[in-house]
Amino acid sequence: METAYLIETVIKIVTILLVFSALAGIGTYFERKVLAFMQRRLGPMNVGPYGIAQVAADGIKLFTKEDIVPTNVVGPIFKIAPVITAATAFMAAAAIPFLPSFEIGGYVVNPIVSDINVGILYVLAVMAVGFYGPLLGGMASANKYALLSAARGAAVFISYEVITGLSLLAPLMMVGSFSLIDLNNFQIEGYWMVVYQPVAMVLFLIAGFAETGRTPFHLVANDHEIIDGFGTEYSGMRWGLFFIGEYANMFFYAFLISILFFGGFGDGSVLGAFALLGKVSFFFFFFLWTRAAWPDVRPDQLMWLCWKVLMPLAVINIVITGFVMMF
Amino acid sequence: MSKLPSLEDFKDRNVVEGSAYYDVDQREAPTTGMEKFKQVVNRTFRFELFIGLWVVLREMIKFDIHTVSYPAEKLPIGPRYRAVHEMQRLWESGTERCIGCGLCEKICISDCIRMDTRIDENSRKEVTEYTINLGRCIFCGYCAEVCPELAIVHGGRYENVSEQRAHYTDFNDMLTPMDMAISGKVAEYPGFGAVTPHEDERIKTTPLAY
Ligand code: SF4
Ligand code: SF4
């Protein structure tokens, strides 16, 4: 293996880690602001101009807070759980092309850590592993509510894994490759994938909400019990890791859906790169937007939606796609 | 309902047909499978979810912010709000209005007014000590109500915080500053304990023929 390649990869990894950890922080700022504006409030205003430094204040608070490991918890598992969430979120990012490749001083940089040929499969699989974070965290916490929320979360994640997989099957059948780069390039000549596969897009989006645990499906945290679900016993930076994991997941999902269904970075021009960032921003905004607009659904409604509506739809979608491709 | 219900209508809590209260839009929940299916299809294709999205987006674009940035701005409070007391002075002369009658001390139900008086050189009663322990005061307003001189009234200062209980008794804090009294800037207080505007009409002549 070339040294240059090694160095390049390490630089990419560090960049992704830093950028998305920072984005998670800035994401909370935007989340608060957007939610506030939608509810006719101002949001954070006091720290820095327009409250922009609130992110730093929160970060300092998280880092310097006392690290509490309550009695009765299963220590090692309790400690490893938040790391699983954050780590898997970032590991999943390895196969996501964040920008089209560009040149710096004659050196071509591909802003993807590794363009493996099973890209999307890898991303989804690693994201799915991420659900061990909430599950183990909740089980190890020695807290009834955390346990309940972990169980509920596990049920939701597993059910919606099915939807994610099935909904993606139809587009993948059309492209014939798992690589996200190929999926992106497929849309250069033709239309965006959403034109061919609108149903798959909607299903994937819905599943995305479940997998990231965002509001219409915000079941992993028990807002209605006024506690934070599986994270109830966590404090300080351990909780912060869960948090970073959730936000990183949101960003990566936004990237995935933009690349899979909305043309990605197109032909790789500068315009395409900005278009990709624009799409990602829109989907991130969409996550916040729905949080302001929609109520949470009950767990049983969620299961009902998954197994009785979305899964049959996904299967029908695959069958129809198959028939159309055959003839 | 043809006309708008009046306040009287609302006071009638007897909910019957035609009263001001009516049931909100309650629909029958679907029971059979087919009805449930229809409801789902209906909801999906009428895009009800997007109405919610539009409403919040519209509010964001309108940017009609209702936040009161509290310590910097404050909402006005009602004139009859009962917050920290104010001890009034007479206009121009600036003499304290309190005549030391002791009624407020007597009536205070949480026993937090303490006062001491003496007879001064001109044989007039003079108040030497007057404290209200605001840490115990329940802001019932009896003291302001009973005061014959409109000397003690309730002000609008509702933010009380202190590191020491002793600070909650500071009389000088409540006393109208002297310079305000002399320059005639004492606001005749419209709040609790003050004379109500239509007091003149309510005065009845005392029947002398008892
Ligand atoms: S408001 Fe009530 S409790 Fe407070 S000093 Fe006056 S009489 Fe006492
Ligand atoms: S009732 Fe009024 S006049 Fe009498 S002692 Fe109290 S404050 Fe002074």
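**Q** Before we go on, may I ask you to explain the site of ligand 2 in this structure?
**A** All residues adjacent to ligand 2 are Cys-98, Ile-99, Gly-100, Cys-101, Gly-102, Leu-103, Cys-104, Met-115, Tyr-130, Cys-147, Pro-148 and Ile-152 of chain B. Across the shell around ligand 2, the residue classes tally to 10 nonpolar, 2 polar and no charged.

**Q** Explanation requested: the domain arrangement of chain B in the structure shown.
**A** Interface size is commonly expressed as the accessible area that is lost once the parts come together. Here chain B is partitioned into domain 1 (7-61) and domain 2 (85-193). Taking only C-alpha atoms, the centre of domain 1 of chain B and the centre of domain 2 of chain B are 55 Å apart.

**Q** Explain the nonpolar core here, please?
**A** Considering soluble globular proteins, one finds that nonpolar side chains tend to be buried as a cluster. Membership of the largest hydrophobic core comes to 75 residues, with the highest contact counts inside it found for Ile-96, Ile-120, Tyr-160, Leu-180, Phe-252, Leu-256 and Phe-261 of chain A. In terms of residues, this core owes the most to one element, helix α10 (residues 236-261) of chain A, which gives 14 residues. In this structure, Cys-104, Met-115, Ile-132 and Met-174 of chain B belong to the second largest nonpolar core, which totals 21 residues.

**Q** Which parts of the structure should I look at to understand the interface of chain A and chain B?
**A** Across the boundary between the two partners, chain A contributes 14 residues, which contact 13 residues of chain B. Both faces considered, chain A and chain B share a buried interface measuring about 1,400 Å² in area, 77% of it formed by carbon and sulfur atoms. Ranking the residues of chain A by area buried against chain B places Phe-37, Arg-40 and Trp-294 of chain A at the top, with a combined share of 45%. At the boundary of chain A and chain B, one finds 1 salt bridge. Of the charged contacts in the structure, one is a salt bridge between Arg-40 of chain A and Glu-59 of chain B, with a shortest N-O distance of 2.8 Å. If you look at where chain A meets chain B, you find 5 residue pairs in polar contact (both at pLDDT 80 or more). Of the residues belonging to the side of chain A that touches chain B, the class tally is 11 nonpolar, 1 polar and 2 charged.

**Q** Would you explain the environment of Gly-130 of chain A in this entry?
**A** Residues and elements named next belong to chain A. Following the sequence through the fold, Gly-130 ends up in the loop between α4 (119-129) and α5 (132-140). The sequence separation of Gly-130 and Glu-211 amounts to 81 residues, and the corresponding C-alpha distance is 9.5 Å. Excluding its chain neighbours within four sequence positions, the residues that come into contact with Gly-130 are Thr-85 and Thr-88.

Cut-offs and rules
Residues numbered from 1 in each chain as written. Chains lettered and ligands numbered in written order. Predicted model: local features only at pLDDT ≥ 70, side-chain atom pairs only at ≥ 80, totals over all residues. Heavy atoms only, no water. Near = heavy atom within 4 Å. Nonpolar A, V, L, I, M, F, W, Y, C, P; charged D, E, K, R; others polar. Domains from an automatic or database assignment. Core = buried A, V, L, I, M, F, W, Y, C linked by side-chain atoms within 4.5 Å. Buried < 20%, exposed > 50% of the residue type's maximum accessible area, 1.4 Å probe, protein only. Helix = DSSP H or I, 4+ residues; strand = E, 2+ residues; numbered from the N terminus. Contact = heavy atoms within 4.5 Å. Buried area = accessible area lost by both parts, 1.4 Å probe. Salt bridge = Lys/Arg side-chain N within 4 Å of Asp/Glu carboxyl O. Polar contact = N/O pair within 3.5 Å; in protein donor to acceptor, adjacent residues only side chain to side chain.

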